[in-house]
Amino acid sequence: MEKRPLHRAGRKVSVVGLGTWQFGDGWSHIGEGDARAVLEAAAECGVDFVDTADVYGDGRSERIVGEFLKDFRASGNERPTVATKLGRRGPQELAAFTLDNFRAWTDRSRGNLGMDTLDLVQLHTPPDAVFASDAVFDALDVLVDEGRIASYGVSVETCDQALSAIARPNVASVQIILNVFRRKPLERVLPAAREAGVGIVARVPLASGLLSAKFRPDTVFAADDHRAYNRHGEQFDVGETFSGVDYATGVAAAAEFAGLVPEGLTPAQLALRWVTQQDGVTTVIPGASSVEQARANAAAGSLAPLPERLLEQLRELYDRRVRAQVHHRW
């Protein structure tokens, strides 16, 4: 598994990480035993970056990851880097982003994860006003000084938000949606991050599963799965669900995508390799709900570069099928 530097955090992390939203809520339910098996399989395959959040299942995801980390403490082996998030436990307004709230929220995460100092804490897709607030970032600096967190980043919805975060001197990472169907970050965000030494954590790399090419126009998702209840942005930003692509359009585009997959790869592996091949990406964080998925995702971290002809075909597919729906929005 290739490792890449997260410069401002002073760490190297696996180019393929593991997202754990699915251990909390918003997807079909995963039992704790199955979640633990996914974590173990990913780690065995070289994955050493795990992303979670304090609101995934109201802390369930963090607690599952925390139980997993106990084995590393007992064995003395080097544990994965864990990134969590804060900021969505209160109202989505600048007044809620205070040092007192940050202390309370990080203390809760420290307890859930069993960590005295959190490796990386990310503001969790905060409102625009947060990015312009010196007080917010001063408060995060205080958390570092107090030893509650080792470093911090921002998880964003838009490229403009990403650029604002990258300009902050102590932001270690920006987490942003990046996949074959969401390419705008390639234009300005990745170059700016490279120049500043800020890590890029690429999320939603499979477009909520569209790029696995397993869905049909009549696929039915469980009522508690965000791919059913947030398809039009009813609960949170629609860009988090199918990357903001209309479902029918996405299924049709994914079928074309599947036709471009080289022999020996799965559609999901092609999608992940495309992300890791983008200059400036530090790690990509696909979720996994089974051991098989975790292993297949991890295998993408050691694949050869994709040929230029294939990259051009993927660009053409985006331009023809998807660009008009998403490129101007985020």
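Within any chain, residue numbers begin from 1 and follow the written order of that chain's sequence. Per-residue local features of the predicted model are confined to residues with pLDDT of at least 70, and side-chain atom pairs are confined, for both listing and counting, to 80 or more; whole-chain, interface and lining totals are unaffected and use all residues. Side-chain numbers here rest on the full set of heavy atoms in the structure, without hydrogens or water.

**Q** Account for the pairing of strand E6 (residues 120-124), naming residues and giving values.
**A** For a regular strand, side chains alternate in direction, first toward one face of the sheet and then toward the other. Type-normalised accessible area, obtained with a 1.4 Å probe on protein chains alone, sets the label of each residue: buried when under 20%, exposed when over 50%, and partly exposed for intermediate values. Here a strand is any run of E in DSSP of at least two residues, a helix any run of H or I of at least four, and the numbering for each starts at the N terminus. A large share of E6 lies buried, amounting to five of its five residues. Sheet topology places strand E5 (residues 81-86) next to E6; four bridges connect them, and they run parallel. For threonine 84, the partnering residue across the bridge sits in E6 and is valine 121. When the strands point away from the viewer and the path from the first strand over the helix to the second turns clockwise, the crossover is right-handed. Handedness of the crossover is the feature at issue here: the chain leaves E5, passes through helix H3 (residues 99-113), returns alongside E6, and the resulting connection is right-handed. Think of it this way: DSSP has to see at least two bridges between two strands before they count as a pair. Across four bridges, E6 lies against strand E7 (residues 152-155) in parallel orientation. When the sheet's bridge partners are listed, leucine 123 is paired in E7 with valine 154.

**Q** Quick one: what's the story with empty space enclosed by the protein, residue by residue and with numbers?
**A** In this analysis, the protein atoms alone were mapped onto a 1 Å grid. Cavities are point sets where a 1.4 Å probe fits without being able to get out; pockets are open sets with protein on both sides within 12 Å along at least five of seven lines; lining residues have an atom within 4 Å of a point. Grid points are joined across faces, edges and corners, and a volume is the space filled by probe spheres set on the points. This structure, assessed with the given rule, holds two cavities of 30 Å³ or more. The calculated volume of the largest cavity comes to roughly 50 Å³. Lining the largest cavity, in full, are Cys159, Ile176, Ile177, Arg182, Arg183, Lys184, Pro185, Tyr318, Val326, His327 and Trp330. Breaking the lining of the largest cavity down by element, the ones donating at least two residues are strand E8 (171-177) and helix H12 (308-326). Counted by class, the lining of the largest cavity contains seven nonpolar, one polar and three charged residues. What the second largest cavity holds in volume is close to 30 Å³. Classification used: nonpolar for Ala, Val, Leu, Ile, Met, Phe, Trp, Tyr, Cys and Pro, charged for Asp, Glu, Lys and Arg, polar for all others including Gly.

**Q** Go over the packing of helix H6 (residues 159-166) against helix H7 (residues 189-196), please, and point to the residues and values.
**A** When two helices pack together, their arrangement is given by the angle between the helix axes and the distance between those axes. Convention adopted: a line fitted to C-alpha atoms gives each axis, helices being fitted over their contacting stretch, and angles between N-to-C directions are expressed from 0 to 180 degrees. The N-to-C vectors of H6 and H7 enclose an angle of 10°; their axes lie 10 Å apart at closest approach. When the interaxial angle is binned, H6 and H7 end up roughly parallel. The residues of H7 that touch H6, namely those facing Cys159, Ala162, Leu163 and Ile166, are Val189, Ala192, Ala193 and Ala196. Here the contact of H6 with H7 is composed, by residue class, of eight nonpolar, no polar and no charged. Should an angle fall under 35 degrees it is taken as roughly parallel, and over 145 as roughly antiparallel, whereas 65 to 115 is taken as roughly perpendicular and any remaining angle as oblique. The contact criterion used is simple: two residues touch if any of their non-hydrogen atoms lie within 4.5 Å.

**Q** Account for the nonpolar core, with residues named and values stated.
**A** Generally speaking, a soluble globular protein has its nonpolar side chains buried in company with each other. Membership of the largest hydrophobic core comes to 92 residues, with the highest contact counts inside it found for Phe102, Leu123, Val174, Phe181 and Val189. The dominant element in this core, judged by the number of residues it contributes, is H12, at seven residues. Those residues in contact with leucine 123 that sit more than four places away from it in its chain are Leu86, Phe97, Phe102, Val130, Val136, Phe137, Leu140, Gly153, Val154 and Ser155. Counting residues in each nonpolar core, the second largest holds nine residues, with Leu6, Ala9, Ala172 and Val201 among its members. What is meant by a nonpolar core is a set of buried Ala, Val, Leu, Ile, Met, Phe, Trp, Tyr and Cys residues, joined one to another through side-chain atoms within 4.5 Å.

**Q** Residue-level account of the packing of aromatic side chains, with values.
**A** Any two rings among Phe, Tyr and Trp, with Trp reduced to its six-membered ring, count as a pair given centres within 6.5 Å; such a pair is stacked if its planes are under 30 degrees apart, edge-to-face if over 60, and tilted if neither. Summed over all chains, the structure comprises 12 aromatic pairs. On the basis of an interplanar angle of 85° and a centroid distance of 6.1 Å, the ring pair of phenylalanine 221 and tyrosine 247 is categorised as edge-to-face. Of this pair, phenylalanine 221 sits in the loop between strand E9 (199-203) and helix H8 (226-229) while tyrosine 247 sits in helix H9 (residues 247-258), placing them 26 residues apart in sequence. In this pair, the class of phenylalanine 221 matches that of tyrosine 247, namely buried. Taking the ring centre of tyrosine 247 as reference, the NZ or CZ of arginine 231 above it sits at 4.2 Å. By the criterion adopted, a ring carries a charge over it if an Arg CZ or a Lys NZ lies within 6 Å of its centre and within 35 degrees of its normal.

**Q** For the environment of isoleucine 176, give the residues involved together with the corresponding values.
**A** Among the secondary structure elements, isoleucine 176 is positioned in strand E8. Judged by its relative accessible area of 2%, isoleucine 176 is buried. Measuring from C-alpha to C-alpha, the distance between isoleucine 176 and threonine 125 comes to 9.3 Å, with 51 residues separating the pair along the chain.

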